[in-house]
Amino acid sequence: MQARDMVLSELAVRLNCAEYKNWVKAGHCLLLLRGCLHGFVGREVLAFHRGLLAADPGLGPRATCRSGSRCSPRARQFQPQCQVCAEWKREILKHHTNRNGDVYWGNCRPGLWPVDAWEVAKAFMPRGLADKTGPEECDAVALLSLINSCDHFLVDRKKVTELIKCRNEIMHSSEMKVSSMWLRDFQRKIQNFLNEFKNIPEIVTVYSRVEELLTSDWAVHIPEEDQRDGCEYEAGVYLSQSQVNEIEMELLKEKLQEIYLQATEQEVLPEEIANRLEVVKEFLRNNEDLRNGLTEDMQKLDSLHLQHQKRDSKEPRAQTLQGKA
Ligand SMILES: [Zn+2]
């Protein structure tokens, strides 16, 4: 069998499983969502930042942090060492809908708050975004969290949190499968959310694309020699095999990144991380076409896991437990 045909047959086998296909479709919707939010979020963050500066000259643009590296947040902790950063922290909390809970200050470089709107935006987003310099580098959940946590965005927040919950269910699904009933519910929720932005044309466009995508059959046809390969929507909308592959790859990368963050932040027990990794590995063993593109991500996770194991085995309690087992 030729390499190209093998790749195609692996894809065909995967999409033959309805629940995996549902998972990829749902993930594709998240990618469409991310794409249509970039421009809107970018514009609104600039407007928000301009508004803050206009209302309070103490925030900038000529104000600068005087404490340099001493004004450095770590994870959820930030004790400003200068007047300007203290003022900014107060102002950010004033606009935070979650001001008493989780604020992940570690995403931000406070010294840049007076001049860089995006550094301010990151205070309204979840962990793991410190190195992102704009909305186009962020995934859907980061943008949704910003919209949810910053009171500059006037939306029905219940619709945002419902969608965030769906996203987490997609990414945490250990088998990378969702049922058709779940997918219908997801369609309702993502469309409810998109409906909140009736005056933003690029968001309105995605409403019907989501509809098309989620109601199409998305069957994969193994082509004859002289046909183009790929999948066809019944309505004639066409995604090539490499486009489907690209979507799968993006989703798996996001899933692995999520596992990585959960492991580094120790939000999930090491055994659970090991289980999740094992499921992905087993999946990749059977799907060479995806495995090759994810080598680096898997190695990153493996070495982190190894570090944790080494550290744990140095703790005497862990040794006793292992000894008993
Ligand atoms: Zn400072």
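Residues numbered from 1 in each chain as written. Predicted model: local features only at pLDDT ≥ 70, side-chain atom pairs only at ≥ 80, totals over all residues. Heavy atoms only, no water.

1. Let's talk about the overall build of the protein chain
Phase 1 of the analysis: Each helix and strand in the protein chain was counted, giving 13 helices and three strands.
Phase 2 of the analysis: For the protein chain, buried positions account for 47% of its 325 residues.
Phase 3 of the analysis: For the protein chain, the share of sequence-separated contacts (at least 6 apart) that also reach a separation of at least 24 residues comes to 64%.
Phase 4 of the analysis: Carbon and sulfur atoms provide 49% of the accessible area of the protein chain, an area that totals close to 16,900 Å². (Helix = DSSP H or I, 4+ residues; strand = E, 2+ residues; numbered from the N terminus. Buried < 20%, exposed > 50% of the residue type's maximum accessible area, 1.4 Å probe, protein only. Contact = heavy atoms within 4.5 Å. Areas by Shrake-Rupley, 256 points an atom, 1.4 Å probe, with all protein chains shown as cover.)

2. Brief notes about the packing of helix α6 (residues 157-172) against helix α7 (residues 180-194)
Phase 1 of the analysis: The N-to-C vectors of α6 and α7 enclose an angle of 140°; their axes lie 9 Å apart at closest approach. For the element pair α6 / α7, the angle class is oblique. Seen along the crossing, α6 lies across α7 with a hand that is left-handed. Contacts from Lys 159, Val 160, Glu 162, Leu 163, Cys 166, Glu 169 and Ile 170 of α6 reach α7 at Trp 182, Phe 186, Lys 189, Ile 190, Asn 192 and Phe 193.
Phase 2 of the analysis: In terms of residue class, the contact of α6 with α7 is built from eight nonpolar, one polar and four charged. (Axes fitted to C-alpha atoms, helices over the stretch in contact; angles between N-to-C directions. Parallel < 35°, antiparallel > 145°, perpendicular 65-115°, else oblique. Left-handed = near helix turned anticlockwise from the far one by under 90°. Nonpolar A, V, L, I, M, F, W, Y, C, P; charged D, E, K, R; others polar.)

3. A look at the coordination of the zinc ion
Phase 1 of the analysis: Coordination of the zinc ion by the protein comes from Cys 65 (SG), Cys 71 (SG), Cys 82 (SG) and Cys 85 (SG), over a distance range of 2.3 to 2.4 Å.
Phase 2 of the analysis: One can describe the donor arrangement at the zinc ion as tetrahedral, given that its four donor atoms subtend angles of 104 to 117° at the metal.
Phase 3 of the analysis: Taking the relative accessible area as the measure of exposure, Cys 65 reaches 19% and is therefore buried. (Donors = N, O, S within 2.8 Å, 3.2 Å for Na, K, Ca; no water. Tetrahedral: all angles 85-135°; square planar, octahedral: opposite > 155°, others 65-115°.)

4. Some words on the confidence of the model for the protein chain
Close inspection of predicted coordinates is inappropriate for parts of the model with low pLDDT.
Phase 1 of the analysis: Looking at the protein chain as a whole, the pLDDT averages 88, with 88% of positions reaching at least 70.
Phase 2 of the analysis: Within the protein chain, helix α13 (residues 316-324) has the poorest average pLDDT of any element, 44, and helix α4 (residues 117-121) the best, 98.
Phase 3 of the analysis: Throughout residues 232-236 the model reports pLDDT below 50, and contacts reaching past four residues in sequence, or to other chains, amount to 14 contacts.
Phase 4 of the analysis: In this model residues 317-325 is a low-confidence stretch, pLDDT under 50, and it forms two contacts with partners more than four residues away in sequence or in other chains. (pLDDT = per-residue confidence, 0-100.)

5. Focus: the side chain of Gln 187
Phase 1 of the analysis: As for its position among the elements, Gln 187 is in helix α7.
Phase 2 of the analysis: The residues touching Gln 187, leaving out its near neighbours within four places in the chain, are Glu 211, Leu 214 and Thr 215.

6. What about the pattern of salt bridges?
Phase 1 of the analysis: By the definition in use, this model includes 24 salt bridges.
Phase 2 of the analysis: A salt bridge links Glu 119 to Lys 122; the nearest nitrogen and oxygen atoms lie 3.1 Å apart. Comparing Glu 119 with Lys 122, the two get one shared label, buried.
Phase 3 of the analysis: In this structure, Lys 281 and Asp 302 form a salt bridge, with 3.0 Å as the shortest nitrogen-oxygen distance. (Salt bridge = Lys/Arg side-chain N within 4 Å of Asp/Glu carboxyl O.)

7. A word on the nonpolar core
Phase 1 of the analysis: In this structure, Leu 33, Leu 37, Leu 146, Phe 186 and Phe 193 are the most contacted members of the largest nonpolar core, which totals 95 residues.
Phase 2 of the analysis: Tallying contributions element by element places helix α2 (residues 18-55) first for this core, with 17 residues.
Phase 3 of the analysis: Each of two domains, domain 1 (22-215) and domain 2 (241-311), supplies a minimum of three residues to this core.
Phase 4 of the analysis: Excluding its chain neighbours within four sequence positions, the residues that come into contact with Leu 37 are Leu 143, Leu 144, Ile 147, Phe 193 and Ile 203. (Core = buried A, V, L, I, M, F, W, Y, C linked by side-chain atoms within 4.5 Å. Domains from an automatic or database assignment.)

8. Concerning the packing of α7 against helix α8 (residues 201-215)
Phase 1 of the analysis: Where α7 contacts α8, the axes come no closer than 10 Å and their chain directions differ by 170°. As judged from the angle between their axes, α7 and α8 are roughly antiparallel. Facing Leu 183, Phe 186, Gln 187, Ile 190, Gln 191 and Leu 194 of α7, the residues of α8 in contact are Ile 203, Val 206, Tyr 207, Val 210, Glu 211, Leu 214 and Thr 215.
Phase 2 of the analysis: For the contact of α7 with α8, the class distribution of residues is nine nonpolar, three polar and one charged.

9. Here's the deal with the packing of aromatic side chains
Phase 1 of the analysis: Summed over the entire model, instances satisfying the criterion amount to 11 aromatic pairs.
Phase 2 of the analysis: Considering the side-chain rings of Phe 40 and Phe 153, the 6.0 Å spacing of their centres and the 65° angle between planes classify their relative orientation as edge-to-face. Within this pair, whereas Phe 40 is found in helix α2, its partner Phe 153 is found in the loop between α5 (140-149) and α6, the two being separated by 113 residues in sequence. Here Phe 40 and Phe 153 have matching classes, each one buried.
Phase 3 of the analysis: Where Phe 48 meets Phe 124, the ring centres are 5.9 Å apart and the plane angle is 75°; that geometry is what we call edge-to-face. Placement of the pair is Phe 48 in helix α2 and Phe 124 in the loop between α4 and α5, with a sequence separation of 76 residues. The same class applies to Phe 48 and to Phe 124, which are both buried. (Phe/Tyr/Trp six-rings, centres within 6.5 Å; stacked < 30°, edge-to-face > 60°.)

10. Some details on unusual backbone geometry
Leaving glycine aside, a negative phi is the common case for residues, and trans is the common case for peptide bonds.
Phase 1 of the analysis: Look at the link from Gly 60 to Pro 61: it is a cis peptide, with omega at 5°.
Phase 2 of the analysis: By the secondary structure assignment, Pro 61 is in the loop between α2 and α3 (83-94).
Phase 3 of the analysis: Of note, the phi angle at Met 176 is positive, near 55°, even though the residue is not glycine.
Phase 4 of the analysis: By relative accessible area, which is 1% here, Met 176 ends up buried.
Phase 5 of the analysis: Of note in the backbone geometry, Gln 266 takes a positive phi value of approximately 50° without being a glycine.
Phase 6 of the analysis: Summarising the element assignment, Gln 266 is placed in the loop between α9 (241-264) and α10 (270-285).

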